[in-house]
Amino acid sequence: MGPGIKPEKAVQLKKYLKGAIFPGDINELSTKYSKESFDKNDCLSCGNCCKSSPPLMEEEDIQRIAKHLKISKKAFKRKYILEDINGDQSMINIPCVFLESDNTCSIYEIRPKACAGYPHLDEGNFFKLRGLHAKNVFSCPIAYEVVGRIHKLSQNQNP
Ligand code: SF4
Ligand code: SF4
């Protein structure tokens, strides 16, 4: 559970995401609320995503980070990557091996694309990613806040 997240409220938000008919401007709303939430919340005092959600890794991520570490792609994969039955690759360690004790990322400038986009609320595909948001409301204070605001808005529009 991420800091400041109330479990009962997160369960309510998860249910809302499952059955909701979202407003037409959901992507604009989500992007706006996401930006406001990032401005307000300090990820360095949280770090929960790096501690609990191994990022998906694309080949370009692996290539870039392996090069930075001066090891081969093959060696990087052997050491850090788990491949599932669908061929999706993700980091193997939890917490992430690149997470420092002060919650900074030791490869921040070249971090995986999935990390740079997390929690994916400003990518114009809120509906498609609603299952992911339903998981993230339990762990990411930003996802919790953004979905909470959207939920509140929909309640006010449909009392
Ligand atoms: S690569 Fe960096 S941003 Fe991504 S999970 Fe690891 S520590 Fe966090
Ligand atoms: S993105 Fe969410 S879970 Fe990750 S550090 Fe920021 S607030 Fe915490």
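Since this is a predicted model, take the numbers as computed values, not measurements.

A few words on the site of ligand 2. Looking at ligand 2, there are 13 residues lining it, with Cys43, Cys46, Asn48, Cys49 and Cys140 nearest. Residue assignment for the shell around ligand 2 shows that the elements contributing at least two residues are α3 (48-52) and α8 (141-157). Class assignment for the residues of the shell around ligand 2 results in eight nonpolar, five polar and no charged.

Looking now at the packing of helix α2 (residues 26-40) against α8. Their axes nearest at 9 Å, the elements α2 and α8 cross at an angle of 135°. Here α2 is positioned oblique relative to α8, judged by the angle of their axes. Both α2 and α8 take part in a crossing whose hand is right-handed. Taking contact as the criterion, the partners of Leu29, Ser30, Tyr33, Ser34, Ser37 and Phe38 in α2 are, on α8, Ile142, Glu145, Val146, Arg149 and Ile150. For the contact of α2 with α8, the per-class residue count stands at six nonpolar, three polar and two charged.

Here α2 is 15 residues long and its end C-alpha atoms lie 21 Å apart, about the 21 Å a rise of 1.5 Å per residue gives. All of the buried residues along α2 are Ser30, Tyr33, Ser34 and Ser37. For α2, the angular spread of the buried residues around the axis is 110°, confining them to a single face. Elements in contact with the buried residues of α2: α8.

With that out of the way, let us pick up the packing of helix α1 (residues 7-19) against α8. Interhelical geometry of α1 versus α8 gives an angle of 60° and a closest axis separation of 10 Å. With respect to their mutual orientation, α1 and α8 come out oblique. At the point where α1 passes α8, the crossing takes the left-handed sense. Along its contact with α1, which presents Ala10, Leu13, Tyr16 and Leu17, the element α8 presents Tyr144, Val147, Gly148 and His151. Looking at the contact of α1 with α8, its residues break down into six nonpolar, two polar and no charged.

Our focus in this paragraph is the environment of Ser72. Position of Ser72 among the secondary structure elements: in the loop between α4 (59-69) and α5 (73-80). Between the C-alpha atom of Ser72 and that of Ile62, which follows or precedes it by 10 residues, the distance is 9.5 Å.

Here we take up the nonpolar core. Among the nonpolar cores identified, the biggest contains 22 residues, and Leu13, Val137, Cys140, Ala143, Tyr144, Val146 and Val147 are the most heavily contacted of them. Only α1, α3 and α8 provide two or more residues apiece to this core. The element contributing the most residues to this core is α8, with six residues. Shared between two domains, this core takes at least three residues from each, and those domains are domain 1 (1-48 + 118-159) and domain 2 (54-110).

Here we take up the domain arrangement of the protein. On domain assignment, one finds that the protein holds domain 1 (1-48 + 118-159) and domain 2 (54-110). Just the C-alpha atoms count here: the centres of domain 1 and domain 2 sit 27 Å apart.

About the criteria used
All residue numbers refer to position in the chain's written sequence, counted from 1. Key to labels: chains lettered from A, ligands numbered from 1, both in the order written. With pLDDT at 70 or above as the cut-off, local features in this predicted model cover only qualifying residues; side-chain atom pairs require 80 or more to be listed or tallied, and sums for whole chains, interfaces and linings still use all residues. Proximity of a residue to a molecule or strand is defined by its backbone-placed C-beta atom lying within 6 Å of that partner. Secondary structure elements are taken from DSSP: a helix is a run of H or I of four residues or more, a strand is a run of E of two residues or more, and numbering for both begins at the N terminus. In this classification, Asp, Glu, Lys and Arg are treated as charged, Ala, Val, Leu, Ile, Met, Phe, Trp, Tyr, Cys and Pro as nonpolar, and every other residue, Gly included, as polar. Under this scheme, a helix contributes an axis fitted over its contacting stretch, all axes are lines through C-alpha atoms, and angles between N-to-C directions fall in the 0 to 180 degree range. In what follows, roughly perpendicular refers to angles from 65 to 115 degrees, roughly parallel to angles under 35, roughly antiparallel to angles over 145, and oblique to any angle outside these ranges. With the far helix as reference, a near helix turned anticlockwise by less than a right angle produces a left-handed crossing, and one turned clockwise produces a right-handed crossing. By the criterion used throughout, residues are in contact when their C-beta atoms, derived from the backbone, lie within 7 Å. Helix span, as expected, comes to 1.5 Å for every residue beyond the first. Any residue surrounded by 20 or more other C-beta atoms within 10 Å of its C-beta is treated as buried, while 12 or fewer makes it exposed and the intermediate range makes it partly exposed; C-beta atoms here are placed from the backbone. The arc in question is formed by the directions pointing from the helix axis toward the C-beta atoms. The term nonpolar core refers to a group of buried residues, namely Ala, Val, Leu, Ile, Met, Phe, Trp, Tyr and Cys, whose C-beta atoms join them within 7 Å. Just so you know, the domain bounds were taken from an automatic or database domain assignment.

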